[in-house]
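Given next are the chains, with one letter for each unit.
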Amino acid sequence: MKQMARQARAENRVIGLVPTMGALHEGHTSLIARAKRECSPVIASIFVNPKQFGPKEDFAKYPRTLESDTEKLIKNGVDALFAPEAPEIYPRDFATYVQVDGLSDRLEGRSRPGHFRGVTTVVMKLLQIVQPNFAYFGRKDAQQGRLIAQMARDLNLDSEIVVCPIVREADGLALSSRNAYLNQEERRAAAVLHRALSAAKKELEAGARDALHLQSVLQRMLSVERLAAVDYAEVVDAESFEPVVRVSRACYVLLAVFIGKARLIDNLYVEPRPNDSDELVFHL
Ligand code: AMP
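Here the residue index of a chain counts from 1 through its sequence in written order. Totals for whole chains, interfaces and linings use all residues, but because this is a predicted model, local features are given only for residues with pLDDT of at least 70 and pairs of side-chain atoms are given and counted only at 80 or more. Processing note: side-chain calculations cover all non-hydrogen atoms of the structure and skip hydrogens and water entirely.

Thoughts on the overall build of the protein chain
Applied cut-off: Helix and strand labels come from DSSP, where a helix needs a run of H or I of at least four residues and a strand needs a run of E of at least two; each type is numbered from the N terminus. Note that the radius of gyration is over C-alpha atoms, with the globule rule given as 2.2 Å times the number of residues to the power 0.38. Only protein chains enter the accessibility calculation, which uses a 1.4 Å probe; a residue whose area is less than 20% of its type maximum is buried, one above 50% is exposed, and one in between is partly exposed. Any two residues whose heavy atoms approach within 4.5 Å are treated as being in contact. Here the open area of atoms and residues is found with the Shrake-Rupley method and a 1.4 Å probe, where only the protein chains shown may cover a residue.
A count of helices and strands for the protein chain gives 10 helices and nine strands. A globule of 284 residues ought to have a C-alpha radius of gyration of about 19 Å, and the protein chain, at 19 Å, matches this closely. Summarising its shape, the C-alpha atoms of the protein chain cover approximately 55 × 45 × 40 Å along the three principal directions. Sorting the 284 residues of the protein chain into buried and exposed places 51% on the buried side. Long-range pairs, those at least 24 residues apart, make up 69% of the contacts in the protein chain between residues at least 6 apart in sequence. Surface accessibility of the protein chain: about 14,000 Å² in total, with carbon and sulfur atoms responsible for 49%.

And the structure:
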């Protein structure tokens, strides 16, 4: 992989990297499409990173579909696939980790101790191996995107981190490899995340700015769904991921909800319209 990337750099080509854990869906292919518009070659990676799963999480049963993934990558015009084995990435004497302080401890980090340390470590390694000009991530994992951008800045990486919009099913459910865990009834129930975020959006559109009020709207919507167990439903600053009192700057409304055994996350990103103090722009 390093050799191929080195060659592309020597030819002054613009390298795009799309890191994934496989079980590819249209969320992933949207990142590839964006990368294709801006880069050549586009390199995708597939690596189910053991270090970002907790001991009680779903590493063993995470979907692995390398053959159909490869077909999708070819169909979507990816130039190369980097699909290393775990011992290549983490040899027995592996000892170095990347940790972003503060941001890693909140929300996803609090619910999944050690998760972000695993994420930033593997992404750092992928960025070192490929040294892409641009690396593409989805906003579905908003806190992850923010952390990786922080890491790239703090460690003076030459890769620009690009965060792309969430791709959704017809009923609003954000595409996710973990949706494969849902049975028919749970799949129907999972749409409640998007319904709750849409309700929060509606409140904001009507002028509501109070975070506690928005949280109570989220909780109310989520409580209607018997199969949903809320991990967190919060309104946070888009930079620090600290809770806000009022939505007066760029914010995320963030959800983590168990539907059966599947832990699903989703979010609504809101930012003030440029040159207008009170109107908001929504990204759902
Ligand atoms: P994963 O394979 O789940 O680690 O995801 C790989 C990349 O795809 C991450 O940057 C995710 O944020 C992104 N991604 C996952 N689901 C979606 C989606 N529904 N829309 C956009 N990007 C996504």
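Examining the sheet that holds strand β7 (residues 251–259)
Rules: What makes two strands pair is DSSP finding at least two bridges between them. Each axis is a line fitted through C-alpha atoms, and for a helix only the stretch in contact is used; angles between axes span 0 to 180 degrees, taken between their N-to-C directions.
Spatial ordering of the open sheet is given by β6-β7-β8-β9, a layout of four strands whose pairing is antiparallel. Bordering the open sheet on either side are β6 (228–237) and β9 (280–283), each of which pairs with just one other strand. Here the average twist between neighbouring strands, direction ignored, is 15 degrees. In this structure, β6 lies alongside β7, joined through nine bridges in antiparallel fashion.

Some remarks on the nonpolar core
Among soluble globular proteins, nonpolar side chains are generally buried collectively. Filter applied, for reference: Remark: nonpolar core denotes a set of buried residues (Ala, Val, Leu, Ile, Met, Phe, Trp, Tyr, Cys) joined through side-chain atoms within 4.5 Å.
Val 123, Leu 127, Met 151, Phe 241, Tyr 252 and Leu 254 are the most contacted members of the largest nonpolar core, which totals 41 residues. With nine residues, helix α6 (residues 115–130) is the single largest residue contributor to this core. The contact partners of Leu 127, leaving out residues within four places of it in the chain, are Leu 17, Pro 132, Ala 135, Met 151, Leu 157, Ser 159 and Ile 161. Val 192, Ala 200, Leu 222 and Leu 255 belong to the second largest nonpolar core, which has 29 residues in total.

Things to note about the site of the ligand
Quick reminder of the rule: To be near a molecule or strand, a residue needs just one of its heavy atoms within 4 Å of it. Polar contacts here mean pairs of N or O atoms no more than 3.5 Å apart (in protein, one a potential hydrogen donor and the other a potential acceptor; neighbouring residues in sequence count only if both atoms are side-chain atoms).
Close contacts around the ligand come from 17 residues, with His 28, Gly 138, Asp 141, Val 167 and Leu 175 the closest. Contact between the ligand and Met 21: an oxygen atom at 2.9 Å from a main-chain N or O atom of the residue. Val 167 has a polar backbone atom sitting 2.9 Å from a nitrogen atom of the ligand. Relative to its unbound accessible surface of 490 Å², the ligand loses 93% to contact with the protein. Secondary structure elements with two or more residues in the shell around the ligand: β1 (16–20), α2 (26–38) and β4 (134–138). Looking at which element gives the most residues to the shell around the ligand, the answer is α2, with three residues.

Concerning the side chain of Asn 49
Looking at the element boundaries, Asn 49 is found in the loop between β2 (42–46) and α3 (66–75). Not counting chain neighbours up to four residues away, the residues in contact with Asn 49 comprise Met 21, Phe 59, Tyr 90, Gly 118, Val 119 and Val 122.

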